[in-house]
Amino acid sequence: MTGTGVGPELVRLDGVSARYDQHVVLSDVSFHVHEDQFTGIVGPSGAGKTTLLRLLLDTMRPVAGTVWRQPGVRMSYVPQLETVNWNFPVTVMECVLMPRTRGRRLPWASRGEKAEVHAVLERLGIGGLAGRHIRQLSGGQQQRMFLARALLRQPQLLLMDEPTSGVDVSTRHDVLHLLADLHEEGVAIVLTTHDLNGMAAHLPHLVCVNGRIVADGAPADVITPAVLERTFGARMEVLEHLGMRVVVDESPASMLTRGQA
Amino acid sequence: MDTLLAPLEFAFFQKGLLVATLSGALLGLIGVYIVLRGMSYIGHGLSHSIFGGFAVAQLFAAQFYVLGAGLWGIASALAITVVVKKSRVGADAAIGVITIASFALGVALFAKFGSSGPSFDNALFGSILGISTVQIVGLVAVSLLTGAFIFLKYRALLFSTFDPEVAAVSGVRVTRIEAALMIVLSLAILATLTVIGVTLVAAMLVIPAVIARMLTDSFGRMLALSTAVGAACGLVGMYLSYYAGVPSGTMIVLVGAAVFVAVLAFTGGRGLRRSAGLDAHSEDLLAEPAAR
Ligand SMILES: Nc1ncnc2c1ncn2[C@@H]1O[C@H](COP(=O)(O)OP(=O)(O)OP(=O)(O)O)[C@@H](O)[C@H]1O
Ligand SMILES: [Mg+2]
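Undergrad: Give me the side chain of Ser170(B): which residues, what numbers.
TA: Along the chain, Ser170(B) turns up in the loop between helix H9 (164-169) and helix H10 (174-196). When near neighbours in sequence (up to four residues on either side) are disregarded, Ser170(B) contacts Arg153(A) and Phe159(B).

Next comes the structure, spelled out in structure tokens:
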């Protein structure tokens, strides 16, 4: 797994700044996404991670800098679960089929389309849930349903916002393996995550964001106390365990015990 | 049986029944998108604004008042879309001011110059009287257009209603679809205004859709159910208004409200949970449709 960006470029941001109303959220960001990309974007809440994805996706225009996209590039997006309208009346089948809008299509799913949806749900380990309402899934299942919707377009570039927030350890492992397989098959992947140990440390390439790009590189170069403090503005210790970086923050609990000692 | 068949001997009642049923179905169908997009205040605003256009147009060219009202309606629909897109803050207020001012202008013109078309009460609360063949043809045409639009653009409409950002990424032309939906909505309001009435159209956009939502979790089924419920309310409401001798729109909305209560009793907490948070504006409309 390389993933640090070789092969032709799919999307390129150069010196890009973005803002909402008068509030500048990202400044002078340069980020090139290659066909072989497998990158995790880390940073504190409000750092501009989702905004960075929006810039890559072209759902938001930068106020400065240039954006280039490979003509006709197919991108898919898996949104942050917190932003989804869970009251909306759609079943898993209806939701996964949504991207199929091209050409002359009937409102209802054809037999071939149904088979396709069942196959991708099966692959993601949520076969048999096609008839359920989207709210009747667990967090991990909801995440995989949106991944299924994204995969139905056979994307060249898959962008995911917090794909493992609120899921258990084994679901997180499943998602990681799945993404590794997809990357192996030639899908470029950019995702955001809060989870330094469970997610970021396992990815081949990381970008640290906090209003700008603070650092980027392999986890071994990026997961260091100095970079983390600049990114998160908090002191963290980094341990080495079986060749992996493990981040330990100063939890309130440890502060309490230290206070007592 | 005889009492049911008796009014059918009158041609005007046959027309009224046809128009009421079709109007209910049409509003029920579009209402699904309006409610799910949290746009019911736009339906409310548009009907009031069209009333102003209607009053102005009939001053100048009485025979073309429907055309004038239609153009006014489409113009307001597009203006509202632009206002909503451009400014997140205060869009509700801006729309409220514009449309209610338009409505007030209509009321003033009506009071001063009277009407060569429907009477004031009839325009506000709907009437079976004075339904012309032209209006029936118009309603049928708008219904066919709406049906075709929703059939052909079903998936793009669903995607951009559920998740406009991801829809845009997946190649759906969201802005165009939304503008088309607004035009179809204003045509539908215009075509149904005479039987349902200015003040009650917005309620009929909301009630069938909310009832359908309480009964199903599937989007496809919600569309079908909402259309059927709208049609049934139109049909039954028109009969009842004939016997009760009250404006047709009032009875159609009251039948809708009765069905709502019945479905609520039937589905209980489950229905409530399904419809929870559907559309903040729809609750105001359901609470007090005639007072607006
Ligand atoms: N639609 C919007 N309008 C105005 N401000 C916004 C909007 N979306 C985000 N912001 C602001 O921009 C900043 C960056 O937001 P963004 O969503 O990119 O952060 P994030 O890194 O994804 O955070 P999180 O980890 O909490 O998802 C935040 O301060 C946020 O309040
Ligand atoms: Mg975010």
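Undergrad: So what's going on with the nonpolar core? Which residues, and what values?
TA: Burial of nonpolar side chains together is a common tendency in soluble globular proteins. Phe31(A), Leu158(A), Leu179(A) and Phe219(B) are the most contacted members of the largest nonpolar core, which has 170 residues in total. The two domains that each donate at least three residues to this core are domain 1 (1-74 + 155-218) and domain 2 (86-152) of chain A.

Undergrad: Break down the coordination of the magnesium ion (ligand 2) for me, citing the residues and quoting the values.
TA: In an ideal tetrahedron of four donors about a metal, each angle is 109.5 degrees. In an ideal octahedron of six donors, the angles are 90 or 180 degrees. Residues and elements named next belong to chain A. At 1.9 to 2.6 Å from the magnesium ion (ligand 2) lie its protein donor atoms, namely Thr50 (OG1) and Gln80 (OE1). Within this pair, whereas threonine 50 is found in helix H1 (residues 49-57), its partner glutamine 80 is found in the loop between strand S5 (75-78) and helix H2 (92-97), the two being separated by 30 residues in sequence. Here threonine 50 matches glutamine 80 in class, with each residue buried.

Undergrad: Before we move on, could you go through the pairing of strand S9 (residues 213-217) of chain A and cite the residues and values that matter?
TA: All names here are of chain A. Bridge count between strand S8 (residues 205-209) and S9: four bridges; the pairing is antiparallel. Its bridge partner being in S9, valine 207 is matched across the sheet by aspartate 216. As consecutive antiparallel partners, S8 and S9 are separated by three residues, and within that stretch glycine 211 has a phi angle of approximately 80°, a positive value.

Undergrad: Break down the site of ligand 1 for me, with residues and values.
TA: Residues and elements named next belong to chain A. Near ligand 1 lie 15 residues; those nearest to it are Ser45, Gly46, Lys49, Thr50 and Thr51. Between ligand 1 and threonine 50, the relevant distance is 2.7 Å, taken from an oxygen atom to a side-chain nitrogen or oxygen of the residue. Between an oxygen atom of ligand 1 and a side-chain N or O atom of histidine 194, the distance comes to 3.0 Å. Within the complex, 66% of the 630 Å² of free accessible area of ligand 1 lies under protein.

Conventions we followed
Residues numbered from 1 in each chain as written. Chains lettered and ligands numbered in written order. Predicted model: local features only at pLDDT ≥ 70, side-chain atom pairs only at ≥ 80, totals over all residues. Heavy atoms only, no water. Helix = DSSP H or I, 4+ residues; strand = E, 2+ residues; numbered from the N terminus. Contact = heavy atoms within 4.5 Å. Core = buried A, V, L, I, M, F, W, Y, C linked by side-chain atoms within 4.5 Å. Buried < 20%, exposed > 50% of the residue type's maximum accessible area, 1.4 Å probe, protein only. Domains from an automatic or database assignment. Donors = N, O, S within 2.8 Å, 3.2 Å for Na, K, Ca; no water. Pairing = 2+ DSSP bridges. Near = heavy atom within 4 Å. Polar contact = N/O pair within 3.5 Å; in protein donor to acceptor, adjacent residues only side chain to side chain. Areas by Shrake-Rupley, 256 points an atom, 1.4 Å probe, with all protein chains shown as cover.

By themselves, these are just geometric observations and shouldn't be taken as functional.
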